[in-house]
Structure formats: structure tokens, C-alpha cells
Amino acid sequence: MSDRLKALSVHLITATGAVLAMFAMLAAVDGKWSLMFLWLVVALIVDGIDGPLARKFDTAKNWPTYDGVLMDLIVDYLTYVFIPAFALFNYGLLSGWTGWFAIIAICYGSVIYFSDTRMKTKDKSFAGFPACWNMVVLVLFAIEPSQTVTLAVVVLLTVAMFTNLKFIHPTRTKRWRNVSLPMSVAWVVFAGWAAWVDFAEGSIAHWGLIVTSLYLVFAGIAQQIIPETIRRLR
């Protein structure tokens, strides 16, 4: 297969995310939340592999007709933001004005964040919380905290999108990647497991989600605090 066809294939893989988003939305409309999250997990896996493939086969050079970055952002907004916000609202994790506030904050804040040209840092991490609401809402479904805690999480992470706090990119942030990548894979496994058992209470997947999520949230911030190299005393 030529490099051009390989590049085109990567674009087509990215585009499948739109179909997966529709499958997830249809499940959400029917109130089949576990099925919705399973589709979103599949979409997350596709999103995790298409970037490295795009760089490997240099899609911008070998098939520039399609803008892979733009395509990825469109799909990501659906799967990372729009559908999870809908689920958060319709499932009832937040009721009354808090639910309306949450979906407005998530959808409005995220579309601004997605269009920010300063989204990435020099080390390919994210500047500010990268609007991964699909991951956040899945964890909220699994542990079902109080409405106060849920609202606090939404508010804090929305504000965090517009800060200089660093959040790692599992595959592109080189520092600690030997830990970050396995943690990310583990998160996907636990997420799929939790959704597969319909978020049954007492599932080991719940604790796995909590541990891996805490790492993914705070690893980048820790990197900002901890010096990358510690010089030896001479």
C-alpha cells in the first residue's frame, strides 16, 4: 500500500468516530447508559490510535485534502463533550438548576477550549484541563457521588480548562510516559469493565477507575512542581 493510501486510511479511521458518536447518542436517548459508555470507550480507543498513525504516515503531507486535526476536533467534541454532557443531565446526577448550569458550563467552556491555539504545551501536554468529560462523567456514573461533589467537580474542571495547569497527553508527553501510557490503558480497561457490568456496586473496576483517574489528573501538575532533572551535588 502506498503512503498516500495509508494516510487516507488514517483519515477514514478518524472519521469512524462520528459513527461511534451516533451509536452512543442513540443509546443515550434510549437511556442505555452502559451501552453508551461502551461506544464512547471504543471511540476513545480509536482516538488513541489515530494520532500516532497520522504522525507515522504523515497525513498532512501524504493526503492533505482532508484536515485530520479538524476532523479529530469535530469527533472529539461529540464524544468528549456533547454526549457526556447530555448523559450527565438526563441521568440525573445533577438536578434542577445545577444540571442546567453543568451542561451550559461544559458545552460552552469546552468549545472555547477546543478552539484555543494555546491548547498544547511545549512538551505536547495540554495547557488546562483538556475537556475529557467522557472520562469524568463515566467515573461519576461509576461512583455516584453527592450532587454537591458532582457540581464541584464540574466547576473545578471547567475553571481548570482556562488555567496554566498542565495535563499530560498519554502518548505524546515523553516525561513519565512509561507510567502514563500503562495507566491510560488501565483506565480504558477499567472503564470498559465498569460499563460492561452496568456499573455494579463493589466492582474492582470502580477502584481502578479512581486510582488511574487521579494519576491522569494530577501527573501533569506534579510534573510542573517536580523538577525534571535533579543535579547531583558536587
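Residues numbered from 1 in each chain as written. Predicted model: local features only at pLDDT ≥ 70, side-chain atom pairs only at ≥ 80, totals over all residues. Heavy atoms only, no water.

1. Brief notes about the overall build of the protein chain
Thought 1: Check the secondary structure of the protein chain and you find nine helices and two strands.
Thought 2: Along the chain direction, N to C, the helices and strands of the protein chain fall in the order α-α-α-α-α-β-α-α-β-α-α.
Thought 3: Taking 17 Å as the expected radius of gyration for a compact globule of 234 residues, we find that the protein chain reaches 18 Å, a close match to that expectation.
Thought 4: Across its three principal axes, the protein chain shows a C-alpha extent of roughly 55 × 50 × 35 Å.
Thought 5: Within the protein chain, residue pairs in contact and separated by at least 24 positions form 76% of the contacts whose partners lie at least 6 positions apart.
Thought 6: Put simply, the protein chain shows about 13000 Å² of open surface, and 68% of that area lies on carbon and sulfur atoms.
Thought 7: For the protein chain, the separation between the mean place of its 18 positive charges and that of its 14 negative charges on side chains is 15 Å. (Helix = DSSP H or I, 4+ residues; strand = E, 2+ residues; numbered from the N terminus. Rg over C-alpha atoms; globule rule 2.2 N^0.38 Å. Contact = heavy atoms within 4.5 Å. Areas by Shrake-Rupley, 256 points an atom, 1.4 Å probe, with all protein chains shown as cover. Lys, Arg positive; Asp, Glu negative; His and termini not counted. Charge placed at Lys NZ, Arg CZ, Asp CG, Glu CD.)

2. Looking at the packing of helix 2 (residues 33-56) against helix 8 (residues 177-196)
When two helices pack together, their arrangement is given by the angle between the helix axes and by the axis-to-axis distance.
Thought 1: The geometry of helix 2 relative to helix 8 is characterised by a closest axis approach of 8 Å and an angle of 160 degrees between their N-to-C directions. Comparing their axes, helix 8 and helix 2 come out roughly antiparallel. Note on packing geometry: the crossing formed by helix 2 with helix 8 is left-handed. Residues Ser34, Phe37, Leu38, Val41, Leu44 and Ile45 of helix 2 pack against Trp187, Val188, Ala191, Gly192, Ala195 and Trp196 of helix 8.
Thought 2: Per-class residue counts for the contact of helix 2 with helix 8 are ten nonpolar, two polar and no charged. (Axes fitted to C-alpha atoms, helices over the stretch in contact; angles between N-to-C directions. Parallel < 35°, antiparallel > 145°, perpendicular 65-115°, else oblique. Left-handed = near helix turned anticlockwise from the far one by under 90°. Nonpolar A, V, L, I, M, F, W, Y, C, P; charged D, E, K, R; others polar.)

3. Points about helix 6 (residues 133-143)
Given 3.6 residues per helical turn, the α-helix brings residues three or four places apart onto the same face.
Thought 1: Where burial is concerned, most of helix 6 is hidden: ten out of the eleven residues are buried.
Thought 2: Listed as buried for helix 6 are Trp133, Asn134, Met135, Val136, Val137, Leu138, Val139, Leu140, Phe141 and Ala142.
Thought 3: Against the buried residues of helix 6 lie helix 2, helix 4 (68-91), helix 5 (97-114), helix 7 (147-160), helix 8 and helix 9 (204-225).
Thought 4: In the stretch just after helix 6, Glu144 is the one whose phi turns positive, near 45 degrees. (Buried < 20%, exposed > 50% of the residue type's maximum accessible area, 1.4 Å probe, protein only.)

4. A short note on the nonpolar core
Thought 1: Among the nonpolar cores identified, the biggest contains 57 residues, and Met36, Phe37, Leu88, Phe129, Trp133, Trp187 and Leu209 are the most heavily contacted of them.
Thought 2: Only helix 1 (3-29), helix 2, helix 4, helix 5, helix 6, helix 7, helix 8 and helix 9 provide two or more residues apiece to this core.
Thought 3: Phe37 has contacts with Asn134, Val137, Leu138, Phe141, Ala195 and Phe199, leaving out every residue within four places of it along the chain. (Core = buried A, V, L, I, M, F, W, Y, C linked by side-chain atoms within 4.5 Å.)

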